[in-house]
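The residues making up each chain are set out below.
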Amino acid sequence: MTEPARVPVLNIANVLTMSRLVLVPVFLLALFAGSGHDTQWRLAAFAVFVVASVTDHVDGNLARKYGLITDFGKIADPIADKALTGAALVGLSILGDLAWWVTVVIAVREIGVTLLRFWVIRHGVIPASRGGKAKTLVQIFAIGFYVLPLPGWGQLVAQATMGLAVLLTVVTGVDYVVRAVRLRARGKRAVAGA
Ligand SMILES: O=P(O)(O)OC[C@H](O)CO
């Protein structure tokens, strides 16, 4: 019987995921340059943020299209997303543009879900859910609006989008807790029955 072909971890989808991590310090440098509120630097930070965010879309599509899905990618992709969004949220809060409680709520959920993934890893990998992907997309839009130097109405749009992001972040976080508990319970039952 022929073995199924192994997908190499070092593939284009995973390289794109890792490049998102590399762009995090570049984004922060641009965000804090020029005392943090210089229009040109904010636009530069926005451009880096958009490029990094696009890699999130492209790596997943490439992985699915060319069969490059790996367990490494399933774990690394959400971590790279969290590094980017987390750095942006903390940066915006340090600059006084975003309330700290928003950053803390999102950070607690994102770190918590990452720990959950490692907690159940012996029993299986919890990939990003549809809700999780939607949550990341809304977070990215919300952060993008906050990074851009927008007029008053734009700031209202930014706040509303961030409110939706917080809601989705919490709801999907609870959903992952339920999934993790079920996966562990199934894993334990399987071991007990072995
Ligand atoms: O909600 P998570 O932790 O599954 O993260 C979702 C990913 O960021 C989607 O690419």
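Residues numbered from 1 in each chain as written. Predicted model: local features only at pLDDT ≥ 70, side-chain atom pairs only at ≥ 80, totals over all residues. Heavy atoms only, no water.

Right, let's talk about the pattern of salt bridges for a bit. Under the criterion given, the structure shown has 10 salt bridges. With a closest N to O distance of 2.6 Å, Glu110 and Lys82 form a salt bridge. Highlighted residues: Glu110 in helix H4 (residues 100–119) and Lys82 in helix H3 (residues 71–94), separated in sequence by 28 residues. For Glu110, a relative accessible area of 5% gives the class buried. Using a relative accessible area of 14% as the deciding quantity, one classes Lys82 as buried. The shortest N-O distance in the salt bridge between Glu110 and Lys135 comes to 3.0 Å. Taken together, the residues Glu110 in helix H4 and Lys135 in helix H5 (residues 130–147) connect sequence positions 25 residues apart. The same class applies to Glu110 and to Lys135, which are both buried. (Salt bridge = Lys/Arg side-chain N within 4 Å of Asp/Glu carboxyl O. Helix = DSSP H or I, 4+ residues; strand = E, 2+ residues; numbered from the N terminus. Buried < 20%, exposed > 50% of the residue type's maximum accessible area, 1.4 Å probe, protein only.)

Attention now goes to the site of the ligand. Within the structure, the ligand sits among 14 residues, and Asp81, Lys82, Arg117, Thr136 and Tyr176 are positioned closest to it. One of the side-chain nitrogen or oxygen atoms of Arg117 is found 2.7 Å away from an oxygen atom of the ligand. Thr136 is positioned such that a nitrogen or oxygen atom in its side chain is 2.8 Å from an oxygen atom of the ligand. For the ligand, the protein covers 98% of the area, taking 310 Å² as the surface of the free molecule. Sorting the residues of the shell around the ligand by element identifies H3, H4 and H5 as the ones contributing at least two each. A breakdown of the residues in the shell around the ligand according to their chemical character gives four nonpolar, two polar and eight charged. Looking at the shell around the ligand, you find at least three residues from each of domain 1 (1–97) and domain 2 (98–193). (Near = heavy atom within 4 Å. Polar contact = N/O pair within 3.5 Å; in protein donor to acceptor, adjacent residues only side chain to side chain. Areas by Shrake-Rupley, 256 points an atom, 1.4 Å probe, with all protein chains shown as cover. Nonpolar A, V, L, I, M, F, W, Y, C, P; charged D, E, K, R; others polar. Domains from an automatic or database assignment.)

This brings us to the side chain of Asp81. Mapped onto the elements of the fold, Asp81 is located in helix H3. What makes Asp81 buried here is its relative accessible area of 10%. Excluding residues that lie within four positions of it along the chain, Asp81 makes contacts with Arg20, Asp56 and Thr136. (Contact = heavy atoms within 4.5 Å.)

All right, on to the packing of helix H2 (residues 39–65) against H3 then. Where H2 meets H3, the closest approach of the two axes is 10 Å, and the angle between their N-to-C directions is 160°. In terms of orientation, H2 lies roughly antiparallel with respect to H3. The handedness of the crossing between H2 and H3 is left-handed. Counted together, Arg42, Phe49, Ala52, Ser53, Asp56 and Asp59 of H2 and Asp77, Asp81, Leu84, Ala88 and Leu92 of H3 form the full contact between these two elements. Class assignment of the residues belonging to the contact of H2 with H3 gives a composition of five nonpolar, one polar and five charged. (Axes fitted to C-alpha atoms, helices over the stretch in contact; angles between N-to-C directions. Parallel < 35°, antiparallel > 145°, perpendicular 65-115°, else oblique. Left-handed = near helix turned anticlockwise from the far one by under 90°.)

Two measures describe an aromatic ring pair: the distance that separates the ring centres and the angle between the ring planes. Inspection of the entire model under this criterion finds two aromatic pairs. Seen from their ring centres, Phe27 and Phe49 are 5.5 Å apart, and the 45° between their planes marks the pair as tilted. One end of the pair, Phe27, is in helix H1 (residues 12–32); the other, Phe49, is in helix H2, and 22 residues separate them in sequence. Assessed through its relative accessible area of 0%, Phe27 is described here as buried. Residue classification places Phe49 among the buried positions, given a relative accessible area of 1%. Note on Phe141 and Phe145: the rings are 6.4 Å apart at their centroids and 55° apart in plane angle, and the pair reads as tilted. On the criterion of helical spacing, the pair formed by Phe141 and Phe145 is a turn pair, its members being four residues apart in helix H5. Positioned above the aromatic ring of Tyr176, the side-chain terminus of Arg117 is 5.0 Å from the ring centre. (Phe/Tyr/Trp six-rings, centres within 6.5 Å; stacked < 30°, edge-to-face > 60°. Lys NZ or Arg CZ within 6 Å of the ring centre and 35° of its normal.)

Just distances and angles here, no functional claims.
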